[in-house]
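# Descriptive structure summary
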Amino acid sequence: MKILIQNGRLIDPASGRDEQTDIAIAAGRVVRIGQVSADFHPNRTIDARGLVVAPGFVDLAVRLREPGHEHEGMLESEMAAAVAGGVTSLVCLPDTDPPLDEPGLVEMLKFRARNLNQSHLYPLGALTRGLAGEVLTEMAELTEAGCVGFSHAEVALKDTLVLHRALQYASTFGYTTWLRAQDGYLGNGVAAKGALATRMGLTGVPVIAETIALNTLFELVRDTRARVHICRLSSAAGVDLVRRAKAEGLPITCDVSVNHLHLTDIDIGYFDAAMRLTPPLRQVRDRDALRAGLADGTIDALVSDHTPVDEDAKTLPFAEAEPGATGLELLLGLALKWGEQSGQELARTLATITISPVRVIADALGSLASSAGQLVEGGVADVCLFDPAEYWQVRPDALRSQGKHTPFTGHELPGRVRYTLVSGHVAFESP
Amino acid sequence: MNFRNNPQLNKHGELIHLLSIEGLPRALIHQILDTAGTFLSVNDREVKKVPLLRGKSVFNLFFENSTRTRTTFEIAAKRLSADVINLDIARSSAAKGESLLDTIANLSAMHADMFVVRHSQSGAPYLIAQHCAPHVHVVNAGDGRHAHPTQGLLDMYTIRHYKKDFTNLTVAIVGDIVHSRVARSDIHALTTLGVPEVRAVGPKTLVPGDLREMGVRVCHDMAEGIRGADVIIMLRLQNERMSGAMLPSAGEFFKNYGLTQEKLALAKPDAIVMHPGPINRGVEIDSRVADGAQSVILPQVTFGIAVRMAVMSTIAGNSA
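Residues numbered from 1 in each chain as written. Chains lettered and ligands numbered in written order. Predicted model: local features only at pLDDT ≥ 70, side-chain atom pairs only at ≥ 80, totals over all residues.

Helix and strand content of chain A: 13 helices and 19 strands. On C-alpha atoms alone, chain A measures out to a radius of gyration of 21 Å, which is about the 22 Å that the 2.2 N^0.38 rule sets for 431 residues. Overall, the C-alpha framework of chain A stretches about 65 × 50 × 45 Å when taken along its three principal axes. Within chain A, the proportion of its 431 residues that are buried is 58%. Of the contacts made within chain A by residues no fewer than 6 positions apart, 76% connect residues no fewer than 24 positions apart. (Helix = DSSP H or I, 4+ residues; strand = E, 2+ residues; numbered from the N terminus. Rg over C-alpha atoms; globule rule 2.2 N^0.38 Å. Buried ≥ 20, exposed ≤ 12 C-beta atoms within 10 Å, placed from the backbone. Contact = placed C-beta atoms within 7 Å.)

Listed below in C-alpha cells is the structure:
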C-alpha cells in the first residue's frame with residue numbers, strides 16, 4: 001500500500017519542522033518527506049490542504065478494560081476510540097481483572113491488539129503480584145512479553161520497604177517504574193481538600209498526600225537511582241517538587257491528564273459524578289501551575305487518562321461513583337485548547353502528545369524508538385491528519401469509546417481528526 | 001448531564017425541591033418561616049389537620065436509619081392530610097442490591113408526589129431530584145455531611161422566635177463541625193439571614209480552617225468561642241468518633257468543649273442553647289444545661305414539625 005499525502009502542513013515537533021509539503025508512505029514506512037518523485041505511484045492520494053499532518057499521538061495513560069471489565073470497555077471499542085482520536089501508540093495500565101501480572105495475560109492482550117491491526121499497544125506490567133503490594137512480579141518475563149514498564153496503577157503501595165525493593169530490583173535491569181504520587185492514608189478522599197470539599201461535605205485529599213508521596217519517592221530514587229515516571233500530577237506544590245528534583249538530576253519524568261489541565265474542583269458543581277476523577281480536581285492555582293509546568297517542560301507528557309466507566313457506575317452519589325472519564329477522543333482537542341489559551345506554538349503543543357511521551361518510554365520501544373512520535377524518512381508511518389480550524393462538540397453518543405462519561409460533554413473543542421494512519425495503513429478516516 | 005442552575009428552584013425562582021439552604025434567597029427563607037408560624041396553631045387544635053396535601057403521596061425514603069427525623073416528617077405530612085408511606089430502604093431494597101436509581105424508578109411508578117430522602121452520601125438527593133419524574137418533589141432529610149436543610153430552617157425558626165432579629169446576633173456552633181450536615185445548613189442559613197458573627201468551635205480535627213470560606217470565625221478555644229454569644233448550637237458527637245484519631249476520648253472532649261453552666265456563663269445572660277438531638281448528656285452537654293432555663297431543645301422539636309409542614313406545602317404548590 002502506497003499513500004501520498006499532498007499539500008498538508010507538516011508539523012514534526014521532534015525536528016521543529018513546520019512547512020507545507022508532501023509525504024510519501026510505502027510498506028508501513030515514511031519513504032519521502034518533501035518533493036515526491038514522479039515514479040512514486042500511490043494506491044491512494046490524500047489531499048491534505050488545510051490539514052495539519054502530524055506524527056500519530058502517543059498516550060501514556062489508557063485503560064482498555066480488558067480483561068475483566070468488558071462491560072465498561074472492549075479492546076475493539078477502545079482501540080477504535082484511539083484511532084478516532086489520532087492516537088497511534090498507547091500505554092495501558094495493569095489494573096485489569098486479573099491485573100497484568102503474568103506474561104500470559106500480556107501476550108494475550110498484545111495478540112488481541114495485533115489482530116485488530118490498529119494502534120500500537122504498550123502495556124505496563126503490574127509492579128507487584130495482584131497489585132497486592134507484597135510480592136514482586138517477574139519483571140524480566142513481563143518485559144519479554146512486551147511490557148514497557150511497571151506500575152501500581154491507582155493502588156497505593158503503602159509499604160515503603162516493598163517499594164524500596166521494587167525500585168532496587170527494577171533499576172537492576174533498567175526498567176522504569178510508573179507510580180502515582182498519593183499517600184495511601186491521606187489519599188483516602190473523593191475531592192481535593194479545600195473550601196469546596198468542606199462546603200459540600202465531601203472527604204478531602206490534602207495536597208500533602210501528593211507532596212509526602214513525592215518526597216518519599218525522591219528519597220527512594222536518590223538511594224536506588226531507579227528511573228521513575230510519576231503519573232498524573234495534581235498540585236502546584238507537586239509541580240514545584242518535581243521541578244526541583246529534575247534540577248537536581250534525578251532520573252524522573254511525569255505526566256498530567258487533560259482533565260487536570262482544564263478543570264478545578266469548582267466544576268463539581270452540584271455533585272456532578274463526571275467530575276469524580278483520580279487524583280481529584282484541585283484549585284485554580286494548582287491547575288495554573290500544571291499548565292505552566294507542561295509549558296516549561298517540568299511535566300513531560302499530556303495524557304488522556306482514558307478510563308471508560310459504565311452508566312451504572314457513574315449514576316451514583318458522588319463519593320460512590322467510579323472515578324474516571326473517557327479521554328482518547330478528547331486528547332487532541334484538549335491539548336490544542338491548552339496550547340491556544342497559553343500561547344504555545346502548534347509544534348510545541350503537539351510535542352506534549354508526540355515526541356515528549358515517546359522519550360518517556362523510548363528505552364522500551366526497541367526498533368520503534370528512533371521514529372515513534374516523529375515524522376522521519378525511513379521511520380514508521382504513524383500519522384494523524386487533523387483540521388486545526390474545525391471545532392466539534394463533545395457528544396457522548398458520537399464517541400466510539402464504550403465510556404460515555406466525560407467532564408467535557410457539550411464543550412466545543414478545536415481540532416477535528418480526519419485521518420489516522422498506523423504503520424502506513426488508514427486506520428481511521430472521518431465520515 | 002448535570003444541573004447548570006440551582007436545581008431546587010424553577011425558572012421563576014420558586015422552590016420545587018429542598019436540597020440545601022445554600023443558594024436560597026433570604027426572602028424565601030423568611031417566607032418558609034412565616035408559613036411555619038401559621039402551622040404552629042394547627043398543632044394546638046383538637047383536629048390537627050389541614051387539607052393542603054390531601055390525595056398526595058409522600059414517601060419517606062430513609063437509606064440511613066433515623067427514627068426521629070422520619071417521625072417528624074411523617075407527622076408533618078399527615079397533618080397536611082397526605083398519605084405517608086415509610087420505606088426502610090436500608091433494610092430492604094438496598095440490602096437486596098437494588099441500585100438507588102432503580103429504587104427511585106420503582107417508587108415513581110407507584111405515583112409518588114414527594115420523596116423525603118435521608119442518605120449517608122453527600123449529594124444523593126441531588127441525584128434523585130435529577131432522575132425522578134418532573135412532578136415529583138424531593139426533600140433532603142439529611143445527606144452525608146452535606147446538608148440537613150429542614151433542621152437548618154427549624155433552627156432559624158427557633159432563633160427568630162426567641163431573638164426576633166438576626167442582624168445583631170453572635171451565634172456559636174460547637175463540636176464536630178466537619179462531619180455535621182446540620183452545621184453546614186445552619187451556617188448557610190445564618191449567613192444568608194445576615195447574622196454578623198457565626199463561630200465554629202472545636203478542636204482542629206473537627207473544625208477545619210477551610211470553614212472560614214463559608215463566612216464563619218473559627219475558634220479552637222471554647223471560652224473564646226462562646227464569650228458574648230446570643231445563641232449556642234451544640235452538635236451531637238457521634239459514638240464512633242468519640243475515640244480514635246479525631247479525638248482521644250469523650251471525657252477529654254467534654255472537658256474542653258462540653259457545655260457546662262460555668263462555660264455558659266461566658267455567653268450573654270439571655271443566650272439560648274440549642275441542640276439538634278439526640279443529645280449525649282455528659283459528652284457535649286451537661287444535663288443541667290440541657291434541662292436548664294436557657295435550653296430551647298424541646299421547643300426546637302415542636303417547631304420542627306411546623307417547619308417541615310411549611311416546606312412540604314411550599315414545594316408541593318410549585319411546579320417544575
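All right, on to the confidence of the model for chain B then. Confidence in the prediction for chain B averages 93 pLDDT; 98% of positions are at 70 or higher. Here the predicted complex carries an ipTM of 0.93, next to a pTM of 0.95. (pLDDT = per-residue confidence, 0-100.)

Residue and element names in this part refer to chain A. With their axes 10 Å apart at the nearest point, helix α4 (residues 160-172) and helix α6 (residues 208-224) run at an angle of 40° to one another. It follows from the interaxial angle that α4 and α6 lie oblique. Between α4 and α6 lies a crossing of right-handed hand. The residues of α6 that touch α4, namely those facing T160, L163, H164, L167, Q168 and S171, are T216, L220 and T224. Looking at the contact of α4 with α6 residue by residue, the class counts come to three nonpolar, six polar and no charged. (Axes fitted to C-alpha atoms, helices over the stretch in contact; angles between N-to-C directions. Parallel < 35°, antiparallel > 145°, perpendicular 65-115°, else oblique. Left-handed = near helix turned anticlockwise from the far one by under 90°. Nonpolar A, V, L, I, M, F, W, Y, C, P; charged D, E, K, R; others polar.)

Residues and elements named next belong to chain B. With seven of seven residues buried, strand β4 (residues 137-143) lies mostly within the body of the structure. Two elements, strand β3 (residues 114-119) and β4, share five bridges in a ladder whose sense is parallel. In the strand pairing of β4, V117 is matched with N140. Once you follow β3 into helix α4 (residues 124-131) and on to β4, the crossover reads as right-handed. (Pairing = 2+ DSSP bridges. Right-handed = clockwise from strand over helix to strand, strands pointing away.)

All names here are of chain A. Read across the open sheet, the six strands follow the order β9-β10-β11-β14-β15-β16; overall the sheet is parallel. Every other strand in the sheet has two partners, leaving β9 (125-126) and β16 (301-303) as the edge strands with one partner each. Taken together, the three bridges between strand β15 (residues 252-257) and β16 define a ladder with parallel strand orientation. From the neighbouring strand, V256 faces β16, where its bridge partner is L302.

Taken together, the 20 residues of chain A in the interface contact 24 residues of chain B. Residues of the side of chain A that touches chain B, tallied by class, amount to ten nonpolar, six polar and four charged.

On to the packing of helix α5 (residues 149-163) of chain B against helix α11 (residues 297-316) of chain B. All names here are of chain B. Their axes nearest at 8 Å, the elements α5 and α11 cross at an angle of 120°. One element, α5, and the other, α11, form an angle in the oblique class. The hand of the α5/α11 crossing is right-handed. Between α5, through T150, L153, L154, D155, Y157, T158 and H161, and α11, the contact on the second element is made entirely by P299, Q300, F303, G304, V307, R308 and V311.

Residue and element names in this part refer to chain B. Of all eight residues that make up α4, six are buried, and the element is covered over most of its length. Buried within α4 we find A124, P125, Y126, L127, I128 and A129. At its buried positions, α4 is contacted by α3 (100-109), β3 and β4.

The omega angle of the peptide bond from T278(A) to P279(A) is -10°, so this bond is cis rather than trans. Among the structural elements, P279(A) can be located in the loop between α8 (258-262) and α9 (284-296). Put simply, G277(B) and P278(B) share a cis peptide bond, and its omega is -10°. As for its position among the elements, P278(B) is in the loop between β9 (272-274) and α10 (287-290). One non-glycine residue, R225(A), lies in positive phi territory at about 60°. By secondary structure assignment, the location of R225(A) is in the loop between α6 and β14 (227-231). Judged by the 12 C-beta atoms lying within 10 Å of it, R225(A) is exposed.

Residue and element names in this part refer to chain B. Read from one edge to the other, the open sheet built from four strands follows the order β2-β1-β3-β4, with strand pairing classed as parallel. The open sheet terminates on both sides in strands that have one partner only, identified here as β2 (83-87) and β4. Geometrically, the sheet is characterised by an average inter-axis angle of 15° between neighbouring strands, direction not taken into account. Both strand β1 (residues 57-62) and β2 contribute to a ladder of five bridges, which runs parallel.

A separate point is the pairing of strand β7 (residues 87-92) of chain A. Consecutive side chains along a regular strand alternate between the two faces of the sheet. Residues and elements named next belong to chain A. Counting buried positions along β7 yields six of six residues, so the element is predominantly enclosed. Looking at chain direction, strand β6 (residues 57-62) and β7 are connected through four bridges and run parallel. Its bridge partner being in β7, V58 is matched across the sheet by S89. Crossover handedness for the path β6 to helix α1 (residues 75-84) to β7: right-handed. Relative to strand β8 (residues 120-123), β7 is paired through four bridges, and the arrangement is parallel. When the bridges of β8 are listed, V91 appears paired with Y122. Remark: the β7/helix α2 (residues 103-116)/β8 crossover connection has right-handed handedness.

Looking now at the environment of D88(B). Structurally, the position occupied by D88(B) is in the loop between β2 and α3. With 24 residues separating them along the chain, D88(B) and E64(B) place their C-alpha atoms 8.5 Å apart.

So, on to the environment of A36(B). All names here are of chain B. Here A36 is to be found in helix α1 (residues 26-40). Classification of A36 as buried rests on a count of 26 C-beta atoms within 10 Å. C-alpha of A36 to C-alpha of E252: the two residues are 216 residues apart in sequence and 39 Å apart in space. Non-local contacts of A36, meaning those with residues more than four positions away in its chain, are made with Y157, F303, A306, V307, M309 and A310.

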